[in-house]
Structures are given as C-alpha cells and as structure tokens.
Amino acid sequence: MRNLIITTLILASTATAYNDEQQSGSIRTIPLIPYHAQRRRRNLSVQEFASRRMDEEWRSSPLYQGLGTHYVDLWMGTPSQRQTVIIDTGSGVTAVPCSGCAECGSGYHADNIFMEEDSSTLSVVPCDQCSSISHCSSDACQLSVRYQEGSGWYAHEVWDKIYIGGPHEAPLDHPPKDAFQLRFGCQSSITGLFKTQLADGIMGMDHSSLAFWRQAHDSEAITSQSFSLCFSHQAIVDKEGLDAGVMTLGGNNPALHTNTNMVFAEYTESNSFFRVYIKKIYLRSSGETSVVSVGSNPTIKQIDMDQTSMMNQNVIVDSGTTSTYLSRSMATPFKAAWKEVTGFDWNSSARLTLTAEQVDALPTILIQLHKWQGGAQNADAEGLAGTVDPSNPDDALVAIPPSHYLSFLPSENKYAPAIFFEGGGRSILGANFMVGHDIYFD
C-alpha cells in the first residue's frame, strides 16, 4: 500500500515520507507558464534564460495545455530537437514520431517529427536488450501500444540523450546537468487521436520500469522516486502554449501551496497503474472550487452507493485521459442524487446552453478517497473528510467544481459534461479530476 497526496492530495507510499530534503536542487519543477508570461520570456535571449535556470534552486521550464491534456517540452538528441509530449500516468512508454513516419500529425502537431539520423547520440536498442514489452524484428526492438479510446502506435526502441523543459523556441547551448539517456519509442505509424492531438508524442508516467520518472531516477537525474502534477485549465487551446500548471520531478514544491496542507490518500500499484479507493461521493449545492465551502449552509447530498462495492472498484488516476469515467454501477444513484439537488436530469451526451453564472451555480462533486495507512494526517488540512463524514475524518476529500466537469465547446458556444458512466471493471479519474490540485505521486 502506498499513498497519493493532494494539497490538496498526495498519493504516496508508506515507505517514503515527505521531507525537506526533497526541496533541494535534486528535484525538478517544471511550471506550466501562462501565455502572457511565455510572451515575456520569449523576449529573453536563450543565454539569459539558461543562466537564470542555473542560478535558481528549482529547475523550471514550461508545460502547456493541449486538447484536454497537459504536455511538456522534451529536447531530444544531439543537437537537441524539440518534441512535445502528453503527460500520461495511465501508460508507461515515452514515444514520439520519427523520420520515416508517414502521415504522423502534420498540420496538427506542435513540432516536426524527430529526425533520428540528425542525432549523433542516438543508438538503436539491440535485440538482446529489448524491453519486456517489445520483441525483436528486423534487427530492432519493435513494440506497439493501443489505448482505451482506440488510438495507438507502432515504434522501435532507441536510446538518446534528452532533457526536459528549457526555452521553448531554441535548445540550451549546453544540456543541463539533469540531462540523461532515455529509452523511448521511435514511432513509425500512429492512429486515432495521436494524429490530431496538439502534442507530438506521449510521456509514460505510470509505475512501470520504463516510465519517464523511473528512468530519470535510475539515471540519477532525480534522487527521489516521486513526482507531482499540479494542473490548471484554460477554456481555449493555442499551439504557442497556455497556462496549464506545474510538474515537479523528484518530489513536490511547497511554494505552490498557498495556505493549504497536503493530505494523503492510499494507493496501490495495479498493473503499473496508480489505483486509489473511492469510499463515497457527494453533491454540494454551492458550485465552489474548494472542499471547504464559504457559502452559507450548502446542501450536501451523499450518493447512495454501497461502500463495500465502492472500495472494491478498480479506480485509477490517469492524467492522459481528459475526462472522468466512472463505473456503470454508479450511474443510477448518481443521476438520482443529481435530479434531487438540481431539479433536472443528468445526461452525459447533452449540450448545455449556460451562462457562466449558471455554471457556477451547479453542484460541486466531492470525492472521498480512502485514507493513507502509513501515518497521521495534518489535522489542520482543509482537504479532509471530517466535515462530511465524521466517522472517517482522515479520508481525503477532492472537489470537482462544475467548471471542471463541464467542458466548454467554443464552436457550439455550449457546455458538454465530462463525467461519463461507461466504465465496466475500471473507473478513471482523469485530468479534469486533477485540475486545481497538486497531486504528489510518492
């Protein structure tokens, strides 16, 4: 058993406790920079920005928002070539389109494909060193990956020197000290959303040995086997980058936590996924972003679901999935509670014409996660369940406000629900669950 921490929330292990040492130069904080700040930064020279990086305690570089997902710059090869990759805690392989990949996102992706032949440090992984998910064919380690929504890709495994972040328009003159050799997939074919997404490729951040953060640790680029994701959200998307939060490798950054303490939720590794345990779900009448309501006497409606069956659900935290997908067994009680609180039916396929004020007036969804078994919570933390469930005061409570569970569709000027009841044996807490919280995977 491990635990996940949120500053709302932390997923962390019972073996690894948070401590001040994680805030040393060994951790890497990658901020998702607002568009106006990105514009200001572009007025700096590459050398000026590089020197600023070396003078700061944190290793900072921009992350961006894609089409419902969050992505980061990877500078790959020698000389460095930029590739943008979706941060995906639901998969374990990093992969980008490479030379020879036909119809691989031209016109959609942020960058050109990665040119293998232009990198002097690239090497093809030999057949006697294939990973556990690849196989030898044509003197290379071939692999293919399919995703739940139907997209996928084919690739061969290579090694090359990479670093994360830095200036967006040009590589650093010299790779930073946390650059390392990464095993990744050079894609020769992509299908589905991989063709039309804004990011070029994907960064696998699950619990497997090939995950980006694990390879960074194995290469001593970071000293702690942990990372945190702090997502924000914009209603629009731009190739040049928009405000989208912060990723920290090797720990978490307390500078992100304003007047809040982190709370811990239990997780277990399940087929390399980060599995958590939903104990209860509530609807709160005030559509506020925090678990603590500042309104006067809001109505809190607990959804009538069997707690034992809820705890037995296979629930994973998946940053690469835009929306949240709950088990079909939750649909009927959720819809009944929604109708009671709002007066109208929940319809996941609806298109809603709403003003911003009407959106804000909708209920906030509160998800209660099973407490961490490895220690005590901070009693002053606001993200605890004691206010709604006095019998389980140390459980973690996560708020999903209406602005996060409704997606605005600019082309239609309408809102669409982003919570679905389509999961059979698995529920997915996607990026819209994570937005607004610093989630620490320890």
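Just above sits the structure.
In what follows, the accompanying structure is described. Just so we're clear, the structure is a prediction, and the values are computed from it rather than from any experiment.

Here we take up the sheet that holds strand β19 (residues 300–302). Pairing is antiparallel across the open sheet formed by four strands, whose spatial order is β19-β18-β22-β23. Single-partner strands in this sheet number two, and they are β19 and β23 (396–400). When strand polarity is set aside, the average angle formed by the axes of neighbouring strands in this sheet is 25 degrees.

Let us now look at the environment of A399. With respect to the helices and strands, the residue A399 is situated in strand β23. In this structure, the C-alpha to C-alpha distance between A399 and I367, residues 32 residues apart in sequence, is 6.5 Å. The residues touching A399, leaving out its near neighbours within four places in the chain, are T289, S290, V291, T364, I365, L366 and H437.

Note that side chains of opposite charge can pair when their charged atoms are close. On inspection of all chains with the given rule, the structure shows eight salt bridges. Note that K195 and E103 form a salt bridge whose closest N and O atoms lie 3.6 Å from each other. Within this pair, whereas K195 is found in helix α3 (residues 193–196), its partner E103 is found in the loop between β7 (95–97) and β8 (123–124), the two being separated by 92 residues in sequence. The shortest N-O distance in the salt bridge between E340 and K301 comes to 3.3 Å. Of the two residues, E340 sits in helix α6 (residues 331–342) while K301 sits in strand β19, which places them 39 residues apart along the sequence. In this structure E340 comes out as exposed when scored by relative accessible area, which is 57%. Judged by its relative accessible area of 26%, K301 falls in the partly exposed class.

To continue, consider the state of the cysteines. Applying the stated criterion to the full structure yields four disulfides. Numbered by position along the chain, the disulfide-linked cysteines of the protein chain connect as 1-8, 2-3, 4-6, 5-7.

Before going further, it helps to examine the side chain of Q81. One can find Q81 in strand β6 (residues 81–88). In this structure, Q81 is in contact with L74, W75, M76, I113, F114, M115, D118 and S119, ignoring residues within four places of it in sequence.

Below, the discussion takes up unusual backbone geometry. Here the amide bond leading from T78 into P79 is cis, since omega sits at -5 degrees, within 30 degrees of zero. By the element assignment, P79 lies in the loop between β5 (70–76) and β6. Here the phi dihedral of S272 falls at roughly 75 degrees; this positive angle occurs in a residue that is not glycine. For S272, a relative accessible area of 17% gives the class buried.

As a further point, take the packing of aromatic side chains. For the coordinates displayed, the defined rule picks out 19 aromatic pairs. Between the aromatic rings of W75 and Y163, the centroid separation amounts to 6.4 Å while the plane-to-plane angle is 15 degrees, which identifies the pairing as stacked. Linking W75 in strand β5 with Y163 in strand β11 (residues 152–164), this pair joins segments that are 88 residues apart in sequence. According to the relative accessible area criterion, Y163 is buried, its value standing at 3%. Here the aromatic rings of F274 and F441 are separated by 4.8 Å at their centres, their planes lie at 65 degrees, and the arrangement is edge-to-face. In this pair, F274 is assigned in strand β17 (residues 273–276) and F441 in strand β28 (residues 438–441), connecting sequence segments 167 residues apart. Under the relative-accessibility criterion, F274 is labelled buried at 1%. One aromatic cluster is present, formed by F334, W338, F344, W346, Y405 and F421 through successive ring pairs.

With that out of the way, let us pick up the pairing of strand β22 (residues 364–369). With six of its six residues buried, β22 lies for the most part within the structure. The two faces of β22 match: T364, L366 and Q368 on one face and I365, I367 and L369 on the other face are all buried.

Let us look at the environment of G165. Of note, G165 is situated in the loop between β11 and β12 (180–191). Using a relative accessible area of 0% as the deciding quantity, one classes G165 as buried. Remark: the alpha-carbon pair of G165 and W75, spanning 90 residues in sequence, is separated by 7.3 Å.

About the criteria used
Residue numbers run consecutively from 1 along every chain, following the written order of its sequence. With pLDDT at 70 or above as the cut-off, local features in this predicted model cover only qualifying residues; side-chain atom pairs require 80 or more to be listed or tallied, and sums for whole chains, interfaces and linings still use all residues. To get the side-chain values, take all heavy atoms of the structure and skip hydrogens and water. Strand pairing is assigned whenever DSSP detects at least two bridges linking the two strands. Working definition: helices are DSSP H or I runs of at least four residues, strands are E runs of at least two. Numbering for both runs from the N terminus. Inter-axis angles, ranging from 0 to 180 degrees, are taken between N-to-C directions of lines fitted to C-alpha atoms, where helices are fitted over the stretch in contact. For this analysis, residues touch if any pair of their heavy atoms sits within 4.5 Å. The salt bridge definition used is simple: a Lys or Arg side-chain nitrogen within 4 Å of an Asp or Glu carboxyl oxygen. Burial classes: relative accessible area under 20% of the type maximum marks a residue as buried, over 50% as exposed, and values in between as partly exposed (1.4 Å probe, protein chains only). Cysteine sulfur atoms that come within 2.5 Å of each other are treated as a disulfide pair. Two rings belonging to Phe, Tyr or Trp (six-membered ring only in the last case) form a pair when the distance between their centres is within 6.5 Å. Interplanar angles under 30 degrees mark stacking, angles over 60 mark edge-to-face geometry, and anything in between is tilted.

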